[in-house]
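Tertiary structure, described
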Amino acid sequence: MKKYLLLGLSLILSATLWAQERTVTGTVTDAETGEAVPGANVVEKGTTNGTITDFNGQYKLAVGDGATLVFSFVGYASSEAVVGSRGVIDAALDLDVQSLSEVVVVGYGTQDKKEITSSVASISSEDFNRGTVNDPVQLLQGKVAGLNITKAGGDPNGGFNIRLRGISTVGANASPLVVIDGVIGGSLSTVDPNDIASIDILKDGSAAAIYGTRGSSGVILVTTKTGSKGKMQVDYNGSYAVESIYNTIDFMTADEYREVAGAQDFGSDTDWMDEVTQLGQAQVHNLSLSGGTGQTSYRISMNYRDTEGIGVGTGFSQLNGRVNITQRALNDRAKITVGVSSTTKEANYGFAESFRYAVVANPTMPVNIAANGGGLTAQGGYAQRDIFDFFNPVAIAEQNVNEGVDHRILASVKAEYDFSDLVDGLSASVFYSRQEENDLRGEYYSKTSKFRGAGRNGFARKSNERRTNQLFESTVNYNKDVSDLNIALLGGYSYQEFFTEGSGMEGGDFLTDAFGYNNMGAALDFANGLGNLWSYANSYKLIGFFGRLNLNYDNTYFLSASARYEGSSRFGINNRWGIFPAVSAGVNITNLVEIPTVNSLKLRGSFGRTGNIPGQSYLSLQRYGPQGNFFYNGEYVPSFGPVSNPNPDLSWETKDEIDVGIDFTLLDNKLSGTVDWYTRTTTDMILSVNVPVPPNLFGQTWVNIGEFANSGLEIALNYQAIVTNDFTWSTGVNFSTFKTEVVSLTSGDLSFGEGGVLYRANMGAPGQNDTELVRVKEGEELGQLWGPVQIGVDEDGTPRFADLSGDGSYCNCDDDRTVLGSGLPDATFGFNNSFTYKNFDLNVFIRGAVGHDLLNSYRGFYENTESTTVGNYNVVKTKYYDPSVKKASVNSVHVESADYVKIDNATIGYNFPMQSGSAVRKLRLFASVQNPFVLTNYSGVDPEVRYEDRNDSDNGGRPGDADTLSPGIERRSTYFTTRTFTLGLNLGF
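This is a predicted model, so every value here is computed, not measured.

1. What to know about a negative patch on the surface
A contiguous patch of negative charge, built from Asp269, Asp271, Asp274, Glu275 and Glu398, is present on the exposed surface. In this structure, glutamate 398 sits in helix α6 (residues 393–399). Its relative accessible area of 46% is what places glutamate 398 among the partly exposed residues.

2. Examining the pattern of salt bridges
A full pass over the atoms with the stated rule returns 56 salt bridges. Note that aspartate 235 and lysine 922 form a salt bridge whose closest N and O atoms lie 3.5 Å from each other. Of the two residues, aspartate 235 sits in strand β17 (residues 230–247) while lysine 922 sits in strand β55 (residues 922–936), which places them 687 residues apart along the sequence. Judged by relative accessible area, aspartate 235 falls into the buried class, the value being 11%. Note that lysine 777 and glutamate 780 form a salt bridge whose closest N and O atoms lie 3.7 Å from each other. The partly exposed category is assigned to glutamate 780, whose relative accessible area is 25%.

3. Comments concerning the state of the cysteines
In a disulfide, the sulfur atoms of two cysteines are held together by a covalent bond. Considering all chains together, one arrives at 1 disulfide under this definition. The residue that forms a disulfide with cysteine 811 is cysteine 813, at a sulfur-sulfur distance of 2.0 Å. Negative torsions about the S-S bond denote left-handed disulfides, and the value of about -85° found for cysteine 811 with cysteine 813 makes this one left-handed. Residue cysteine 811 is classed as partly exposed on the basis of its relative accessible area of 28%.

4. Considerations on the pairing of strand β12 (residues 161–164)
Residues of β12 alternate between two faces, with Asn161 and Arg163 on one and Ile162 and Leu164 on the opposite face, all of them buried. Both strand β11 (residues 147–150) and β12 contribute to a ladder of 4 bridges, which runs antiparallel. Bridge pairing in β12 links asparagine 148 to arginine 163.

5. Some thoughts on the nonpolar core
Judged by nonpolar contacts, the single largest core of 69 residues is most densely connected at Val359, Phe708, Phe752, Leu773, Val776, Leu782 and Leu965. Listing elements by their share of this core, those giving two or more residues are α4 (272–276), α5 (353–360), β23 (382–384), α6, β36 (686–690), β43 (757–764), β44 (768–777) and α8 (857–862). At 5 residues, α5 tops the list of elements feeding residues into this core. Setting aside anything within four residues of it in sequence, one finds phenylalanine 752 in contact with Leu687, Ser688, Val689, Ile705, Leu745, Leu758, Arg760 and Leu965. Grouped together as the second largest cluster of nonpolar side chains are 39 residues, Leu139, Ile149, Ile184 and Val219 included.

6. Description of the packing of aromatic side chains
Applying the stated rule across the entire model yields 28 aromatic pairs. With 5.9 Å between their ring centres and 15° between their planes, tryptophan 729 and phenylalanine 835 make a pair best called stacked. With tryptophan 729 in strand β39 (residues 727–737) and phenylalanine 835 in strand β50 (residues 827–837), the pair connects residues that are 106 residues apart, well separated along the chain. According to the relative accessible area criterion, tryptophan 729 is partly exposed, its value standing at 27%. Ring-pair connections join several aromatic residues into one group, and the members of that group are Phe351, Tyr357, Phe390, Phe391, Tyr445, Phe451 and Phe459.

7. Notes on the sheet that holds strand β3 (residues 50–52)
Overall, antiparallel pairing links the 4 strands, which are arranged β3-β2-β5-β6 in an open sheet. Since the sheet does not close on itself, it has two edges, and those belong to β3 and β6 (79–82), each with one partner. Averaged over all neighbouring strand pairs, the angle between strand axes comes to 20°, with direction disregarded. Direction of pairing for strand β2 (residues 41–44) relative to β3: antiparallel, over a ladder of 3 bridges. Within β3, the residue paired with asparagine 41 across the bridge is isoleucine 52.

8. Quick look at the sheet that holds β43
What the 4 strands build is an open sheet, ordered β43-β44-β46-β49; its pairing is antiparallel. Each edge of the open sheet is held by one strand with a lone partner, namely β43 and β49 (818–822). Between one strand axis and the next, the sheet turns by 40° as a mean value, whatever way the strands run. As judged from the 2 bridges shared by β44 and strand β46 (residues 784–787), these two strands associate in the antiparallel manner. Note that in β46 the partner of valine 774 across the bridge is leucine 785.

9. What about unusual backbone geometry?
Cis peptide bonds are those with omega within 30 degrees of zero, and the linkage from valine 693 to proline 694 qualifies with -15°. By the element assignment, proline 694 lies in the loop between β36 and β37 (700–704). The omega torsion of the bond from alanine 765 to proline 766 falls at 5°, within 30 degrees of zero and hence cis. Within the secondary structure, proline 766 sits in the loop between β43 and β44. With a phi close to 50°, asparagine 555 is a non-glycine residue in the positive phi region. One can find asparagine 555 in the loop between β28 (532–553) and β29 (557–568).

Each value, and the rule that gives it
- Residues numbered from 1 in each chain as written.
- Predicted model: local features only at pLDDT ≥ 70, side-chain atom pairs only at ≥ 80, totals over all residues.
- Heavy atoms only, no water.
- Patch = residues over 30% accessible without salt bridge, like charges linked within 9 Å, V, L, I, M, F, W, Y side chains within 5 Å.
- Areas by Shrake-Rupley, 256 points an atom, 1.4 Å probe, with all protein chains shown as cover.
- Salt bridge = Lys/Arg side-chain N within 4 Å of Asp/Glu carboxyl O.
- Lys, Arg positive; Asp, Glu negative; His and termini not counted.
- Charge placed at Lys NZ, Arg CZ, Asp CG, Glu CD.
- Helix = DSSP H or I, 4+ residues; strand = E, 2+ residues; numbered from the N terminus.
- Buried < 20%, exposed > 50% of the residue type's maximum accessible area, 1.4 Å probe, protein only.
- Disulfide = S-S within 2.5 Å.
- Pairing = 2+ DSSP bridges.
- Core = buried A, V, L, I, M, F, W, Y, C linked by side-chain atoms within 4.5 Å.
- Contact = heavy atoms within 4.5 Å.
- Phe/Tyr/Trp six-rings, centres within 6.5 Å; stacked < 30°, edge-to-face > 60°.
- Axes fitted to C-alpha atoms, helices over the stretch in contact; angles between N-to-C directions.

In structure tokens form, the structure reads like this:
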């Protein structure tokens, strides 16, 4: 395919007709002062042919006949001039001090940036992260102060953890609400990163309050690309990437392992890491057509992604299509916008456990054997050992299947009408959207598989889930100027309905592996009463009434007030409705006081109340469910029992937030920035607490309980450092801090923890099932890693712990345990640098976090020479390895500082100059590297912040469960980190 693409490109370029050129010169000045504007861009419209003015504001440019020049510079409004027969063209640029043309998307509309009185960040496609980006949230990673996006390891199918301004909820949705082209709760998997025009983040409570019960964790507004009137444009973006392992856990080689007393030597020398990994590859192709004629504009795109991860049996292929059409009618008073997208993803999820067991597999053990012997058993040709918690890692990856298919469809239509012929400034709109998501999952463990299929003679699991999201909204807008006062009013109604249904089955005992999970009827378990079946369905509704008032007096004083009255069927019958108000104000100081070197300075402050709804439906009801079977009258009869207690008073979480901010531009608009300080309080958190039985029928009840307090500082700066004819350098940095305090875990007679203290996060097997790793305590910060302090090693190799209580001995109890570190960072930051030299461009983005610790569970289990460790597993050998330690017992030495600074992405590109009249509008080649370098002292897989504890087979939890109260733990099933090199092409016609 690449051969034909290059051939076609060569033919296109060779067939291009170059128009006759002429040379134009001139000077670009400031329209107000008449001073020269050095570094201004002068570009031939519709091409990449351009130059930059020198220190005297002068330029010289060769252009084609019929050309139009576009003059622009940061802080000025752009200007255009038709060349015609002229050889000299001067341009005077008007200052655009407050970026009046910059529009920011907010809830249910847009605002000029100068009028924003809340904390809102806007990122355009030009500022997105580059390289191989498969998830839209990667575009923002590290770009916005206070928005933390993390993913530990390089799993191509792994999701990202998104936290805005820290952790403000436990039992509800901790990730920001996503709105895609007006679709509230839209799935980011319906959008390809290439189709996104901009992303706006509503950070504070006053900006998010318009979304009521779903705004507490912030709001991410995604705007997709649309077409515009004019000649049809065709764009192709393609890239190919290779991926390799960047970091793993250090462990002993076969020779090192043989020297350890008690090690069992099977005579081989196996690099298990090499056996379960491969060179990852990815290709991305995006083709789009856009344009418009008359009253219609359109954009159509197709996106294809094919990725093979570094883990054997991991990867995905995805096809996405999107159509955006805008139709105007009735003398441009009516506008109808239609958007449709469809995504199909076929994924091989593989097994992260193959990485886990590759770390601890005996390096002297062979991968394959033909028959039992020498302490090894042959299962399906793979060598296995009959010991606790061990499986051949290659057999895990190669014998078994773990895959799925996802289908996504999102369709929306919006009709707008301008009634200003009847009432000046009046307009209205109606909006409808429907999102369909279908997930199919299938697993099969072969008849000879020891991993999960042991004793089952083949084991299969198949499930499917369908989710729908229907939204209807209507809004009315009124905009009126009264002397120097602009009044903007918004009123609206929202109705949204969600429905989820699913089913699944699992069973074993197959005649042959050929049946797989698609022939569940062939599993003899079902005929013998041993199979398992389940199905479910649930729904809920949200109804809201909302309004907003914006005032702008003389472009100097700004006020915004909003409220949403909303009800949800997920709440108890007594508390289904709530009101969420917000107010914010700002003043443009530079319109009142002239300050040297200050171009603009706006002070703003805000207050907003938002909510959060439960993550499940029917939690407030008395419910009954299956409770197993009992044998009666010669047959098995299903039994049922309570699975929840009623709570008619269950209500939303409430978050009150105050934000104070400054927006400014300095030094002739070269330096711009934003500073925010915020404090927020979350009350009535939605949590499940233990209750006595009787009088209750079930042992847990969902209630509103507890209180969190958050505060932090956010700074974002951008600076045009160097601007010359041939070279430019712009740089930007963002920095944020946050602190989360557990104010309360109680409410009346109910408590989420005994005595205001709660212990979480079991260490797990082998040997440490009763060891909890995290403490949550009233009046103290969230994220406390908890345990004993090692002060030495006894003669028998047992770690010696400090007597913290001072009673003369270590008691192996909480009196002799303490806070070992914090799983949450003190600060996070991003640092971006963009350079251009003639037609070359270079972008380097650096990201980091400081102040957080990680508990390295690999070290806690295997960095010792205990007889059971050495007899069964390899020994982890990091820089902290102490051969005198002969007992596995997690403690202070296994909690490490995980501060890091990493080059997230570095991209270099070359833009080929296109002459006027060329069939090719743009041609750019680029190369990028992601994760080329990480500076950290952490010895584990990945120093990324773990904002929650992902439960899995490490600690007996169900896959996918997450505990927000237990940050800071690196579990053994972490997918290894990767480094990616990408070559790409951007081509436009």
